[in-house]
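Observations on chain architecture
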Amino acid sequence: MSDIEYPMDRPLSVPEIDFGTDPLHDIHGLMTSLREAARFHPVRSRGETALLVTRFDDVKAGFEDEEAIPLFASARKFAEKAQGRSLFSMTGEEHRVHRSLVSAAFTSAATDRYERALMVPEVARVLDDLVANAGTGPVDLVHHFAEIFPISVIVRILGMPPEDDHTFKRWADELVSHDWAPEVAMKASKEFEDYLLPVIAQRRRSPGEDVISRLAQSTVEGKRLGRTIGFPTCNLA
């Protein structure tokens, strides 16, 4: 996509809509009309001009083109303030070293163990709870299963107890809200850091088989994940 000229100097395609904050009641109809009109549209998002890409092939090409649309630039602008420095906002040698450090927690043997010992039992636990609490009425699978299940799996892989699942879910929602609710995001960031840093210190002293323990023990070329990197790495998990 690096050879494409983006129409950022043109008037906004839909000036009355802020795509970052406004409710879009007919998003599919709107996207269909925009897609038929052009591949790219300058639009308003959270008060700034953004580029709306309407076609799959262009979206795919954009994700694959680090020169035209570098991931690190977006991560530094939108994620770093609340979520801390992470692999997404690194480049070059810094990214290589930290990617190697993080990879130690996700070897083939480790991911197989996570699946057998943590993920499969967690599916059974969540479904059992769903059935037990459903009674005879209808069940909203999105609310009662799909929304919480990915969080519960991550929390088990991190080695945290089930009673913390909903707190992690709240943190996950609030940490990505910095653009429109910075105070909420920064408060969640502080809460998560205060929760996690003592855990990282404890797992360094007495490691287990969870992801935090593996990250805390990982070394590459004499380097290890520092305090400021270990926190956002677990955050991004």
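Note that the coordinates shown come from a computational prediction; the quantities given were computed from them, not determined experimentally.

A count of helical and extended segments in the protein gives 12 helices and 4 strands. By its C-alpha atoms, the protein is 60 × 60 × 35 Å across when sized along the principal axes. When each of the 237 residues of the protein is scored for burial, the buried share is 35%. Relative to all contacts within the protein whose residues are 6 or more apart in sequence, the contacts with residues 24 or more apart total 55%. Carbon together with sulfur atoms contributes 57% to the accessible area of the protein, which is approximately 14000 Å² in total. The protein carries 28 positive and 38 negative side-chain charges, and their two centres are separated by 6 Å.

Where helix α8 (residues 149-158) meets helix α9 (residues 165-175), the closest approach of the two axes is 9 Å, and the angle between their N-to-C directions is 110 degrees. Between α8 and α9, the interaxial angle falls into the category roughly perpendicular. For the pair formed by α8 and α9, the contact residues are Ile151, Ser152, Val155, Arg156 and Leu158 on the first element and Asp165, Phe168, Lys169 and Ala172 on the second. Class assignment for the residues of the contact of α8 with α9 results in 5 nonpolar, 1 polar and 3 charged.

Looking at the element boundaries, Arg170 is found in helix α9. In this structure, the C-alpha to C-alpha distance between Arg170 and Met8, residues 162 residues apart in sequence, is 35 Å.

Structurally, the position occupied by Ala124 is in helix α6 (residues 108-134). The spatial distance from the C-alpha of Ala124 to the C-alpha of Gly159 is 18 Å, given a sequence separation of 35 residues.

All right, on to the pairing of strand β1 (residues 40-45) then. Taken together, the 6 bridges between β1 and strand β2 (residues 48-53) define a ladder with antiparallel strand orientation. Along β2, the bridge assignment pairs Val43 with Ala50. Where β1 folds back on β2, the antiparallel hairpin that results is connected by 2 residues, among which Arg46 adopts a positive phi of roughly 55 degrees.

In this model, the largest pocket occupies a volume close to 1200 Å³. Lining the largest pocket we find 31 residues, and of these Ala50, Leu51, Ile69, Ser74 and Phe78 sit closest to its centre. When grouped by side-chain class, the residues that make up the lining of the largest pocket number 17 nonpolar, 7 polar and 7 charged. Empty space within the second largest pocket amounts to approximately 380 Å³. Residue composition of the lining of the second largest pocket, grouped by class: 6 nonpolar, 4 polar and 5 charged.

Under the criterion given, the structure shown has 20 salt bridges. In this structure, Glu48 and Lys77 form a salt bridge, with 3.0 Å as the shortest nitrogen-oxygen distance. In this pair, Glu48 is assigned in strand β2 and Lys77 in helix α3 (residues 71-78), connecting sequence segments 29 residues apart. Accessibility expressed as a relative area gives 44% for Glu48, which makes it partly exposed. Accessibility expressed as a relative area gives 42% for Lys77, which makes it partly exposed. Put simply, Lys169 and Asp173 hold a salt bridge, and the shortest N to O gap is 2.7 Å. Pair noted here: Lys169 and Asp173 are both in helix α9, with a separation of 4 residues, about one helical turn.

Our next topic: the confidence of the model for the protein. Across the protein, pLDDT averages 85, with 92% of residues at or above 70. Across the protein, helix α1 (residues 27-37) holds the top mean pLDDT of 95, while helix α12 (residues 227-236) sits lowest at 51.

Burial analysis of α8 places 8 of its 10 residues in the buried class, the great majority of the element. Turning to α8, its buried residues are Phe149, Ile151, Ser152, Val153, Val155, Arg156, Ile157 and Leu158. Note on α8: the residue one or two positions beyond its end, Gly159, has a positive phi of about 85 degrees.

Rules and cut-offs
- Residues numbered from 1 in each chain as written.
- Predicted model: local features only at pLDDT ≥ 70, side-chain atom pairs only at ≥ 80, totals over all residues.
- Heavy atoms only, no water.
- Helix = DSSP H or I, 4+ residues; strand = E, 2+ residues; numbered from the N terminus.
- Buried < 20%, exposed > 50% of the residue type's maximum accessible area, 1.4 Å probe, protein only.
- Contact = heavy atoms within 4.5 Å.
- Areas by Shrake-Rupley, 256 points an atom, 1.4 Å probe, with all protein chains shown as cover.
- Lys, Arg positive; Asp, Glu negative; His and termini not counted.
- Charge placed at Lys NZ, Arg CZ, Asp CG, Glu CD.
- Axes fitted to C-alpha atoms, helices over the stretch in contact; angles between N-to-C directions.
- Parallel < 35°, antiparallel > 145°, perpendicular 65-115°, else oblique.
- Nonpolar A, V, L, I, M, F, W, Y, C, P; charged D, E, K, R; others polar.
- Pairing = 2+ DSSP bridges.
- 1 Å grid on protein atoms, 1.4 Å probe; cavity = no way out; pocket = protein on both sides within 12 Å on 5 of 7 lines; lining within 4 Å.
- Points joined across faces, edges and corners; volume = space filled by probe spheres on them.
- Salt bridge = Lys/Arg side-chain N within 4 Å of Asp/Glu carboxyl O.
- pLDDT = per-residue confidence, 0-100.

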